[in-house]
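Below, each chain spelled out in residue letters.
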Amino acid sequence: MTPQDTLLRPPALRPGDTVRLVTPSGPPTPEKTAAGIALFESWGLTVQVAPGLYDRLGYLAGDDDSRVTELNDALRDDTVRGIFCARGGYGMSRIVDRVDFAAARRDPKPVVGYSDITALHSALYVHGVASVAGPVVTTFANDHDTETAEALRRALMTTDPVTVRAIDGEPTIALTSGEGTVTGPLLGGNLSLIVDAIGTGTLPDYTDAILFMEEVNEEPYRADRILTQLLRSGVFDGVAGLALGQFTGCEDDDWDWDILDVLRDRLEPLNIPILGGLPIGHGDNPRTVPFGPTATFDLTTKTLTATPAVS
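Residues numbered from 1 in each chain as written. Predicted model: local features only at pLDDT ≥ 70, side-chain atom pairs only at ≥ 80, totals over all residues. Heavy atoms only, no water.

Peer 1: Looking at this structure, how should I read the packing of aromatic side chains?
Peer 2: A ring pair, where both rings are aromatic, is described by two values, the distance of the centres and the angle of the planes. For the structure on display, the rule yields five aromatic pairs. Between Phe40 and Phe84 the ring centres are 4.1 Å apart and the planes differ by 25°, which places this aromatic pair in the stacked class. Taken together, the positions of Phe40 in helix α2 (residues 30-42) and Phe84 in strand β3 (residues 80-85) put the pair 44 residues apart, joining distant regions of the chain. This pair shows no difference in class: Phe40 is buried, exactly as Phe84 is. Where Phe40 meets Phe140, the ring centres are 6.3 Å apart and the plane angle is 85°; that geometry is what we call edge-to-face. With Phe40 in helix α2 and Phe140 in the loop between β5 (131-133) and α7 (146-157), this residue pair connects regions lying 100 residues apart in the sequence. Classification of Phe40 by relative accessible area gives buried; the value is 0%. Overall, the relative accessible area of 12% leaves Phe140 in the buried class. Ring pairs connect the aromatic residues Phe40, Trp43, Phe84 and Phe140, which therefore count as one cluster. (Phe/Tyr/Trp six-rings, centres within 6.5 Å; stacked < 30°, edge-to-face > 60°. Helix = DSSP H or I, 4+ residues; strand = E, 2+ residues; numbered from the N terminus. Buried < 20%, exposed > 50% of the residue type's maximum accessible area, 1.4 Å probe, protein only.)

Pasting the structure below:
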């Protein structure tokens, strides 16, 4: 039996459902969440704002006890049918071992977010629940194209397969290599949070998986350090294929290597298929993908197609 045989996919959201905004990581502001709230309401969803949504403790959205209680309350409340993380930032790793994963399995509901929320997605997968790697609420304060919102809506409110096409404007398309198709559970997320799980109980088994990666504001040598640690720890051993998204703001003019040089140097020797150029991450117009269900990427058509996270 594989993890896919027991992976729970939450029910799709429907108009009239209640969703709750939570902050397990960094603090948002009301101004930056307003556009996301309006968007979800336009889909016919009833939006609840967790009581501590705008709390702040330094770079955290309140203390650890408050943040994990907020998340667990949403997981346990059977009137809440979806959970949207308001912001990434930092802080999920501090509370991830206190999340009520029994509640998540007892009443699966789509959990949405990216960036620091990668830590929660990985933990949910380890405990047998699929989730949704998509924009956090505050990202809709940015000038994304209409397809960014529509891709998230389809991933949450339909059971259609999720397809993301590589685009020439994404620099990582230059790293695409191999031929044919690759199939496996779609896992990964933000590079810094993938490495963060090493040595913990929330590190997924990446054997035969498609590992998708994206990053923001990490200088090339820092990305090199992360990739080297992943290599040394064996995370890439047995991975079926790599799906590369957006590496945004990863510049350092002091050296003659850029982020593509680092990715090429660290990943090409693995000699496994790579599909780059995917608009997934912190860049312009990011798309939504399921976290955990089976996906296939096609190196001829340069598309990634996944079983939806919802059922």
